[in-house]
Amino acid sequence: MSKLKKRGAVYGMIAVMLGVAVYLNWSYVSTPDDLLATGQVAGSSQQTPEEDAQQQDAAGTDASPEAETVSASDYFTQSRLSREQARDEAISILKETLQDEQSDEKSKELAETQISQMAEDSVTEARIESLIKAKGYTDAVVFLGSDSVNVIVSPPEAGFTETDASKIRDIVVAETALRADQIKIVEAA
């Protein structure tokens, strides 16, 4: 009886820890509207570094749209970092389960499976991001879930069209076992 309670407690803790890791992962990702409101992504005007330098010289100040462009780049970098930190925390918790002498074999197998799945998801996300960039988009960040995927992409200068969404959707479908209706594409303004 006591062994069943321990096993249930271990499973419960694993589920809670994974839930916390998933929550942390998603809480670090703000919607583009939230980012625009806080000024974390660039506005609609994109300028070349030469135009930025000219504008800075003309204005005589250090504030420039380049800072906004850097913020857009920082958004993608920060999103990837947050995603990896949340994943690392979850893996750390699962490794503790593997090393715990009191954990039963079923718990250890479950932890190994989840660690393996997280590693596969990480590789798939990186591959999708690279393929999106190879199609000519400046940057993208992918969040792969068990039954959905969210893609945040930096739009082309001409604007984001349905053709762009189709290209990205095709990449995701080809790299995952997900259907097109399970893919959410968000344009980072």
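None of these values were measured; they are calculated from a predicted model.

Glancing now at the pattern of salt bridges. Enumeration over the complete set of coordinates arrives at 11 salt bridges. Of the charged contacts in the structure, one is a salt bridge between arginine 83 and glutamate 84, with a shortest N-O distance of 3.4 Å. Among the ionic pairs, arginine 127 bridges to glutamate 175, the shortest N-O distance being 2.4 Å. With arginine 127 in helix H5 (residues 105–134) and glutamate 175 in helix H6 (residues 162–175), this residue pair connects regions lying 48 residues apart in the sequence.

What follows covers the nonpolar core. In terms of nonpolar packing, the biggest core is built from 16 residues, with Ile132, Val149, Val151, Val153, Ile168, Val172 and Ile185 touching the most fellow members. Of all the secondary structure elements, the ones that give two or more residues to this core are H5, strand S1 (140–144), strand S2 (149–153), H6 and strand S3 (183–187). Considering every element that reaches this core, the biggest residue donor is H6, with 4 residues. When neighbours within four sequence positions are excluded, isoleucine 132 is seen to be in contact with Tyr137, Ala140, Val142, Val151, Val153, Ile168 and Ile171. Residues Tyr75, Val141, Phe143 and Ile152 belong to the second largest nonpolar core, which totals 7 residues.

In a regular helix each residue adds 1.5 Å, so 14 residues correspond to 20 Å; H6 covers 20 Å between its end C-alpha atoms and thus fits that length. Buried within H6 are the following residues: Asp164, Ala165, Ile168, Ile171 and Val172. Summarising the axial view, the buried residues of H6 lie within an arc of 125 degrees, below the 170-degree limit, and thus occupy one face. In H6, the exposed residues that point more than 90 degrees away from the buried face are Glu162, Thr163, Asp170 and Ala174.

About the cut-offs
- Residues numbered from 1 in each chain as written.
- Predicted model: local features only at pLDDT ≥ 70, side-chain atom pairs only at ≥ 80, totals over all residues.
- Heavy atoms only, no water.
- Salt bridge = Lys/Arg side-chain N within 4 Å of Asp/Glu carboxyl O.
- Helix = DSSP H or I, 4+ residues; strand = E, 2+ residues; numbered from the N terminus.
- Core = buried A, V, L, I, M, F, W, Y, C linked by side-chain atoms within 4.5 Å.
- Buried < 20%, exposed > 50% of the residue type's maximum accessible area, 1.4 Å probe, protein only.
- Contact = heavy atoms within 4.5 Å.
- Expected span 1.5 Å × (residues − 1).
- Arc of directions from axis to C-beta.

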